[in-house]
Amino acid sequence: MKPSLEHCFKLLLLLALGGVTMHVPDADVLSSLGALRLDGHFSFHDTSAMARDFGNRCSLLPATVLHPASVSDIAATVSHVFSMGERSPLTVAARGHGHSLMGQSQAAGGIVVRMESLRGDRLQVHHGGMSPFVDAPGGELWINVLHETLKYGLAPKSWTDYLHLTVGGTLSNAGVSGQAFRHGPQVSNVNQLEIVTGRGDVVTCSPKENSDLFYAALGGLGQFGIITRARIALEPAPKMVRWIRVLYSDFASFTEDQEMLIMAENTFDYIEGFVIINRTGILNNWRTSFKPQDPVQASRFQSDGRVLYCLELTKNFNTDDADIMEQEVTALLSQLRYIRSTLFHTDVTYLEFLDRVHTSEMKLRAQGLWEVPHPWLNLLIPRSSIHRFAKEVFGKILKDSNNGPILLYPVNKSKWDNRTSVVIPDEEIFYLVGFLSSAPSLSGHGSVAHAMNLNNQIVEFCEEADIGMKQYLAPYTTQQQWKAHFGARWETFERRKHTYDPLAILAPGQRIFPKASLPLSL
């Protein structure tokens, strides 16, 4: 199982060009992995595929790829690397569906664990009793979890916008979508985890058992262990969804209406907002999937050259209570201050709505626009700063155009468990603002350089104006930046790292703890 000289040369060259300072594992170190008794196997032919991710801006070649057929495969591998001690350069990164943005699931010269190899018959729905749940492998896609739970009329409570992500991947970050105002992020809806720590131990943890590791791993960026199984809370799933879109021209009305809706007892089931800058024919584009409430007035609406704000809402229902849903939707919409001619809606199945982004993915793939660089920027902005933020960002920095959707919607801090590792602003209401740029061009407005320039201007403004922003899916590259990100919580985060991954073996792509930089506490 020794790698070829050509392989090692390519790795050395890549590390040199990428400015990465580290030792490349020698052939004896790698061949020692071949002595492990595994249900799965290591491979060397697919290392380049594991050095790519959705961000398409970072490529760090691993030495080998583990295709685990069992949790014990992962545990044995990590335990073996741990036994090599602090002098070994080997690191281990868990890779789900490869949707990280800046190499977070990569391991330069190390081992990438292909978590999707653990998918399959370990997905089990427990539907009896008052609190149904599903046990899902860490490498299972959320779309598959949904398909399986729907067989029992059930579904997880909280989602991400895109379901072709792995369970372990989103739980290592937070997992946020338009249901978070009601149920919190996905990390707030987990009953139990199974984790392989940085020592190679397999640990079952929950709020009552090994709770420190449980909360550390949720939103822990893979720093304390690899999530190999998650027990996720379920609720009865609706059959249908009324899917609504409306437009605003006034930012204050747009945000105030959203805040009113997320605080109301009787409200919509999903609430997200979007910022639309200098786009033409918005309503005509909607007509391909939505019906206008007033076709005549909708045809007269002009959006050219304006900054507009889209509010997207859903109300769940079953066919036999459609009349009640209609009444509730009418009552809720009557309280909102949207532009009346822009009300569009459609009825789709629950599955179709939750998997909506995959439909867009297929279209972009057909056009060759999916596997392009994605210089995304995701921010959490306190409610007290959102108007100052919007005035500068949408009125000045991005006044001309942008190359992708811009999300902007509020969530409630009370729904986020502060015992997890997730870092959020210190206000009861804060906004998720996502600049989801694509960069299909090598130069000009569609380039990575252009998008990154705008991102940097936004971040610099937030820092200079003391907006109180926290980054989500943060791309920090130094420990000093991470210390500032965690603030007063850094001490707890560092203590947990010492406890569960003292050699800094896991998730090196997050660039938080350099390998073997931690004082040993074995």
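What counts as what
- Residues numbered from 1 in each chain as written.
- Predicted model: local features only at pLDDT ≥ 70, side-chain atom pairs only at ≥ 80, totals over all residues.
- Heavy atoms only, no water.
- Core = buried A, V, L, I, M, F, W, Y, C linked by side-chain atoms within 4.5 Å.
- Buried < 20%, exposed > 50% of the residue type's maximum accessible area, 1.4 Å probe, protein only.
- Helix = DSSP H or I, 4+ residues; strand = E, 2+ residues; numbered from the N terminus.
- Contact = heavy atoms within 4.5 Å.
- Pairing = 2+ DSSP bridges.
- Axes fitted to C-alpha atoms, helices over the stretch in contact; angles between N-to-C directions.
- Parallel < 35°, antiparallel > 145°, perpendicular 65-115°, else oblique.
- Left-handed = near helix turned anticlockwise from the far one by under 90°.
- Nonpolar A, V, L, I, M, F, W, Y, C, P; charged D, E, K, R; others polar.

A closer look at the nonpolar core
- Ranked by internal contacts, the top residues of the largest apolar core, which has 83 residues, are W142, L171, L193 and L247.
- Counting residues per element, this core draws most heavily on helix α7 (residues 211-217), at five residues.
- Here W142 is in contact with P156, W159, L163, L165, T166, V167, T170, L171, Q186 and I232, once residues within four sequence places are set aside.
- With 47 residues, the next largest nonpolar core counts I271, I381, L408 and M469 among its residues.

Topic: helix α4 (residues 142-150)
- Along α4, the residues that are buried comprise W142, I143, V145, L146, E148 and T149.
- Tucked inside the fold, the buried residues of α4 contact β5 (124-126), β6 (133-137), β7 (154-156), α5 (167-171), β10 (225-236) and α12 (350-354).

Digging into the sheet that holds strand β1 (residues 41-43)
- Taking strand neighbours across the sheet as the criterion, the four strands line up as β1-β2-β4-β3 in an open arrangement whose pairing is mixed. The strands lining the two open edges of the sheet, one partner per strand, are β1 and β3 (92-95). Averaged over neighbouring strand pairs, the angle between their axes works out to 30° when direction is ignored.
- Judged from the three bridges that link them, β1 and strand β2 (residues 64-67) form a sheet pairing that is antiparallel.

Considering the environment of A366
- Of note, A366 is situated in helix α13 (residues 356-366).
- Classification of A366 as exposed rests on a relative accessible area of 70%.
- When the C-alpha atoms of A366 and H80 are compared, they prove to be 43 Å apart, with 286 residues separating the residues in sequence.

Observations concerning the packing of helix α14 (residues 386-397) against helix α15 (residues 448-464)
- At a minimum axis separation of 11 Å, α14 and α15 run at an interaxial angle of 150°. Classified by the angle their axes make, α14 and α15 are roughly antiparallel. The handedness of the crossing between α14 and α15 comes out as right-handed. For the pair α14 and α15, the contacting residues are R388, F389, E392, V393 and I397 in the first and L454, Q457, I458, F461 and C462 in the second.
- A per-class count over the contact of α14 with α15 returns seven nonpolar, one polar and two charged.

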